[in-house]
Amino acid sequence: MKALIKDVKFSKEGNNKFGPYFSFKVSYDGKTAFYNSKRKDQTTFVAGQEAEFTEEERTFKKDDGGTGRFLVIKPISQNKQSNFGKALKKEQSRYSGFAV
């Protein structure tokens, strides 16, 4: 999804199993969603600029026993390639000389 980001506000910071994180409230197209970043000076979502992201709906349990919903957005990441394929081919070519 592509949208024009209207407003970005710092919400809170905390720690989880991956280390410290910083939460931001991002407003766009009449919606408000949350974005978690590893840095407080995030540059992914900037007010006044267009951004491409995926939108997820999550639920939480309220104090009175009901459930609530909120949106979480994540930037679209490029296809990251690991080095495993290259290392495997190198290892296979190393042993193919013995077979001949």
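Below: a short report on this structure. Note that the structure is a prediction, hence the values are computed from the model and not measured.

Brief notes about the side chain of Gln42
Considering the arrangement of structural elements, one finds Gln42 in the loop between β3 (31–37) and β4 (50–61). Among the residues examined, Gln42 registers a relative accessible area of 11% and is labelled buried. Here the side chain of Gln42 touches Thr44 through a polar contact of 3.0 Å, landing on its backbone nitrogen. In terms of polar contacts, Gln42 uses its side chain to reach the backbone carbonyl oxygen of Phe45, at 3.0 Å. With near-sequence residues (within four places) excluded, Gln42 lies in contact with Val8, Phe24, Tyr35 and Ser37.

Focus on the environment of Ala3
For Ala3, the position within the fold is in strand β1 (residues 2–16). Between the C-alpha atom of Ala3 and that of Glu50, which follows or precedes it by 47 residues, the distance is 5.5 Å. Sequence-distant contacts of Ala3, defined by excluding residues within four places in its chain, comprise Tyr28, Asp29, Gln49, Glu50, Ala51 and Phe53.

Criteria and thresholds
- Residues numbered from 1 in each chain as written.
- Predicted model: local features only at pLDDT ≥ 70, side-chain atom pairs only at ≥ 80, totals over all residues.
- Heavy atoms only, no water.
- Helix = DSSP H or I, 4+ residues; strand = E, 2+ residues; numbered from the N terminus.
- Buried < 20%, exposed > 50% of the residue type's maximum accessible area, 1.4 Å probe, protein only.
- Polar contact = N/O pair within 3.5 Å; in protein donor to acceptor, adjacent residues only side chain to side chain.
- Contact = heavy atoms within 4.5 Å.

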